[in-house]
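Overview (structure and organization)
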There are 2 protein chains.
Amino acid sequence: MFSIFVTVMAKIQGKRNSTKKEVIIEKASRLFREKGFGAASMRDLAEHVGVEAASLYNHIQSKSEILQTICFKVANEFMTNLEAVEASNQSTLKKMEAIIRRHIRMMLEQYEYVYISDHEWRHLPEPYLSNFLNQRRSYRKRLADIIEDGTTKGEIKAIDPYTAVLVILSAISGIDSWQRSRKSTTAEALESNMVKYLIEGLKK
Amino acid sequence: MFSIFVTVMAKIQGKRNSTKKEVIIEKASRLFREKGFGAASMRDLAEHVGVEAASLYNHIQSKSEILQTICFKVANEFMTNLEAVEASNQSTLKKMEAIIRRHIRMMLEQYEYVYISDHEWRHLPEPYLSNFLNQRRSYRKRLADIIEDGTTKGEIKAIDPYTAVLVILSAISGIDSWQRSRKSTTAEALESNMVKYLIEGLKK
DNA sequence: AGAAAACACTAACGACTGTTAGCCATAACT
DNA sequence: AGTTATGGCTAACAGTCGTTAGTGTTTTCT
């Protein structure tokens, strides 16, 4: 009964098949990225949504609820993908490549969300902050386990797995500082260039 | 005459051979990193310095002056190092290794400053913002030129130079998200692990 | 048609922001 | 010893912050 109620709500408000809450979060994600969570004000956000600041609270509960929604949406999406890769029967190198490609695509297709999840999680209130950091730590641990498994099996070079995870994740999250200056580069080219470097390195 | 005046000033105020302005900037750097520039208040900062908020303005001109000082200090230091490497007569691979090692050491030794320069430059007011971005663009361009030079000479693998710069710089700046969780790792180990990956890649 | 729910509005609260004015003590220089 | 500059302090300004209360209007359901 409750879920039916919610569904009806969504239909009522929809423009382009999206709830007003979704519109708010979408606009907020751009704003949070541009100005940072702390510097983006609810009045700013309201203006972009086309409404007065107070009216936002008919759809959301607080400013930080928006941040929570974004951060955990991204975290869950990555976690789900990781589980699929873990369950698959590919070689270690293929697994890593799949994960890298997934990250790059998420970065390109859901840029605002991923950026915020990467850079603004500090402003999450407890207990969400601890929750988020636990998820992140777990994610990285499992990634490192895949790499370590690969080195013990001799499938990939013997390298410190934590360092490898650090390099890979950081490199991808750094795409943000790039995409403005090199719009000409297509997504596919960027993806294959990055995969090439991250797999094969610089040395000839 | 003016410079003598300034020198005397520095001696007067010094605790541990540092001006009070330097103390303020040092404390501010930790605060800006922990809370972000926007969320860190002058009253917060004043408390850490052991003084009332208004008293800070006897030593600095504004909050953003602190940010400017930090950002350009870091930028200049990297730029100076780059010029030295460019002028040297090493192989491309050695040049890149030197730059990578320098970045890692700066990250470990001047963590707060480098972090802020990496993450909080958005809050620089004009015209400093444009200035900073120009310097950064120039730095990356020259780094890419070194790599490109190496590929045409056949000294390193044929890889998109811009992608390589992106991967290298991002990987290093990602050390921040690591150092808390892996304090056990020594600086030397981290450095050699990262260099190994960034030079040799993952593939066996 | 009438009841109810959804949602936008204005006004305002209390807390907090960076910063300035002005005052007073101490320390340095002549 | 007397003048001056340094650098603390309190108080305050003008503005912004997230958020709530209360009201009115529109839309949906019965």
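Here, the structure is the one placed above.
In short, a report on the structure. (Residues numbered from 1 in each chain as written. Chains lettered and ligands numbered in written order. Predicted model: local features only at pLDDT ≥ 70, side-chain atom pairs only at ≥ 80, totals over all residues. Heavy atoms only, no water.)

1. Quick notes on the packing of aromatic side chains
In plain terms, the rule: Here a Phe, Tyr or Trp ring, Trp counted by its six-membered ring, pairs with any other such ring whose centre lies within 6.5 Å, and the pair is stacked when the planes are under 30 degrees apart, edge-to-face when over 60, and tilted otherwise. Secondary structure follows DSSP: runs of H or I at least 4 residues long count as helices, runs of E at least 2 residues long count as strands, and numbering of each begins at the N terminus. Relative accessibility thresholds used throughout: buried, under 20% of the residue-type maximum; exposed, over 50%; partly exposed, between the two (1.4 Å probe, protein chains only). Charge-over-ring contacts are defined here by two conditions on Lys NZ or Arg CZ: a distance within 6 Å of the ring centre and an angle within 35 degrees of the ring normal.
For the coordinates displayed, the defined rule picks out 12 aromatic pairs over all chains. Taken together, a centroid distance of 6.2 Å and an interplanar angle of 20° make the contact between B:Trp121 and B:Phe132 stacked. With a gap of 11 residues between them, B:Trp121 in the loop between α6 (111-119) and α7 (128-152) and B:Phe132 in helix α7 connect regions that are remote in the sequence. Each member of the pair, B:Trp121 as well as B:Phe132, is classed as buried. Each member of the aromatic cluster is reached from another via a ring pair, and the members are A:Phe72, A:Trp121, A:Tyr128 and A:Phe132. We note A:Lys63 situated over the ring of A:Phe37; from NZ or CZ to the ring centre the distance is 4.4 Å.

2. Points about the relation of the copies chain B and chain A
Stated precisely, the cut-off is as follows: When the copies are overlaid, the least-squares fit takes in C-alpha atoms only where the residue has pLDDT of at least 70 in both copies. Here a residue-residue contact requires only that any non-hydrogen atoms of the pair lie within 4.5 Å.
Its rotation angle being 180°, the transformation that places chain B on chain A also includes 0.0 Å of axial translation and leaves an RMSD of 0.0 Å. What we have between these two chains is a two-fold relation. Relative to the rotation axis, the C-alpha of B:Gly201 is the closest in chain B, positioned 1.7 Å from it. Residue by residue, 100% of the interface of chain B is reproduced at the interface of chain A, so both copies engage with the same surface.

3. Observations regarding the interface of chain B and chain A
Stated precisely, the cut-off is as follows: Defined in terms of a 1.4 Å probe, buried area is the accessible area two parts forfeit on being brought together, summed over both. One side-chain nitrogen of Lys or Arg within 4 Å of one carboxyl oxygen of Asp or Glu is enough to make a salt bridge. Here a polar contact means two N or O atoms within 3.5 Å. Within protein one must be a hydrogen donor candidate and the other an acceptor candidate, and residues neighboring in sequence count only if both atoms are side-chain atoms. Throughout, the ten residues Ala, Val, Leu, Ile, Met, Phe, Trp, Tyr, Cys and Pro are labelled nonpolar, Asp, Glu, Lys and Arg are labelled charged, and all others, Gly among them, are labelled polar.
The interface of chain B with chain A comprises 44 residues on the first partner and 44 residues on the second. Summing both partners gives a buried area of about 4500 Å² for chain B against chain A, and 62% of it is carried by carbon and sulfur. Remark: the boundary between chain B and chain A carries zero salt bridges. There are four residue pairs in polar contact (both at pLDDT 80 or more) connecting chain B and chain A. Elements with a contribution of two residues or more to the side of chain B that touches chain A: α2 (20-35), α5 (92-109), α6, α7, α8 (161-173), α9 (176-179) and α10 (187-200) of chain B. Considering every element that reaches the side of chain B that touches chain A, the biggest residue donor is α8(B), with nine residues. Of the residues assigned to the side of chain B that touches chain A, the class counts are 22 nonpolar, nine polar and 13 charged.

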